[in-house]
Amino acid sequence: MSARQRLIVIGNGVAGARAVEEILDRGGSELFQITMFGDEPHGNYNRISLSNVLAGSEDAAGIFLNPLDWYAYNDVTLHAGVRITKIDRFDRTVTAGDATVHRYDKLIVATGSRPFFPPIDGMLDHGRPLTGIFGFRNIADCDAMLEWAREARRVAVIGGGLLGLEAARGLLERGMEVHVVHRAERLMNVQLDGQAGAILRRGVEELGIHVHLDTSTTRVLGEDGHVAGLKFGDGSTLACDMVVVTAGIRPNTDLAQGAGLEVERAIVVDDAMRAMDEPDIYVVGECAQHRGEVYGLVAPLWEQAVVLADQITGANPKAAYHGSKLATKLKVSGIELATMGLAAPERDDDEVVTFSEPKRRVYKCVIVRDGKLVGATLLGDVGKVSFLMQAFDRGMVLPEERVSLLFDLGAPPPATSVAELADDVQVCNCNGVTKVAIRTCVRDGARTMSAVAAATRAGSGCGSCKGQVLEILEWAAGGQLEADPTGTTTCRRSRCPRPT
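The shown structure was predicted, so the numbers you read here are calculated from the model rather than taken from an experiment. (Residues numbered from 1 in each chain as written. Predicted model: local features only at pLDDT ≥ 70, side-chain atom pairs only at ≥ 80, totals over all residues. Heavy atoms only, no water.)

Draft legend 1. Structural view of the sheet that holds strand 9 (residues 106-109). Strand order in the open sheet formed by 5 strands is 5-2-1-9-23, and the pairing between neighbours is parallel. Of all the strands in the sheet, the pair left with one neighbour each is strand 5 (76-80) and strand 23 (281-283). The mean inter-strand angle of the sheet, taken between neighbouring strand axes irrespective of direction, is 15°. The sheet contact formed by strand 9 and strand 23 spans 3 bridges and is parallel. Looking at the pairing, Val109 lines up with Val283 of strand 23. Where helix 1 (residues 14-25) meets the sheet, its contacts fall on strand 1 (5-10), strand 2 (32-38), strand 5 and strand 9, and the angle it forms with strand 2 comes to roughly 165°. Across the face of the sheet, helix 9 (residues 298-313) comes into contact with strand 1, strand 2, strand 9 and strand 23 while running at roughly 165° to strand 23. (Pairing = 2+ DSSP bridges. Helix = DSSP H or I, 4+ residues; strand = E, 2+ residues; numbered from the N terminus. Axes fitted to C-alpha atoms, helices over the stretch in contact; angles between N-to-C directions. Contact = heavy atoms within 4.5 Å.)

Draft legend 2. Just the sheet that holds strand 28 (residues 362-369), in detail. Spatially, 25-26-29-28-27 is the arrangement adopted by the 5 strands of the open sheet, whose pairing is antiparallel. Of all the strands in the sheet, the pair left with one neighbour each is strand 25 (327-332) and strand 27 (351-357). Between one strand axis and the next, the sheet turns by 10° as a mean value, whatever way the strands run. Across 6 bridges, the pairing between strand 25 and strand 26 (residues 335-341) is antiparallel. Bridge assignment links Thr328 to a residue of strand 26, and that residue is Thr339. Strands strand 25, strand 26, strand 28 and strand 29 (372-379) of the sheet are contacted by helix 10 (residues 385-394), whose axis makes an angle of about 150° with strand 29.

Dropping the structure here:
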């Protein structure tokens, strides 16, 4: 057997770790000596669950997807807490922050993104955020916020997107008075139309969160070196002793630019997930730009990782990434939400079917073009999400009675509906788990939700898929479920035992 090639992975976040998992699943440990570098001093974890850690509903130790022993078990060398400072494409080396130099045959860049701090007067002190101002991106951010929140009383969250609302919910659970300040006229304005945004706002305010829409922050007010409040465009102010900035993210491209790789908004890649004109450098995740698009959702990262692994291992040299249809299912401040495609019609002949019940915090909308589903929003009631996601992903012919897209009108019982789902339908968006993966677990003996979660991670993100995962589990097991046992369940992907 020829000597293994040296594969270096820069980045130990969700994209980099998932790419390595996919490589291992294709026999990559026999092909490569795999070395990973990660900025954070621990293994890979589920960032989606950070809001639960912030809220106190989940312990930080429970959100790890690949603990440190996973790397050793899979013969992966991890340099945790070691940042790569330079890529030399011509010498085929990377230089680490500890001054060590490492040679590669293949290189994967998975440097992810960082929080964006908008240019607001007073926000930065000598290039760093004023004391009491936090981003919300990693465990260290979460720990720092919780430490500061012990003494703080009122927090302002700048940004009313998903991350901002989750930070708001978490800090509300810690007993703080929480204000969300958002420049747009509605919450989650990228994903939601006006009606859905209004219903979401009502639900968020019912939790006890104060919402300030169409409000631009023009200055951060400081006192004795720490934050004391915000000043807005209309001249009004809000006193606060803590600020969380969730105004977006920016891809980490400094390394790539320094190495001379092609960078626009992010690192430009081809359909094989290779950096342009670099046959041995691959890019995956939020730092990759494919056909002009940069993806921040988890599901596209999984799709990219599959193509990358097929290419780098030679398992499928024809594998190609053609972009992702954006669809997601999650919880926003405890309210279930599913979105896919368009949030609002774009053409005069687009068909739109909506149902709104604000008192129950329910809103449903589907957009049909040329007989195909091109967009859907389900807020508060996501019972039809599986069918809609299939229709959206596959361009299925839709029923003439469009209202049946929103409601079950004499539909078959849930077990039959689950049986009719295609095997490759993605059930858990947070972890890229398909129906067939759950069926495989049942075939291998899983009869409990915890066993399925341990083997596939389904339900270990936002938790919004747990009901459907349980339906599929019950259907695949013929109704023969068991009470959740204690002990150890073998994790298929991590390929090492992990406590349930």
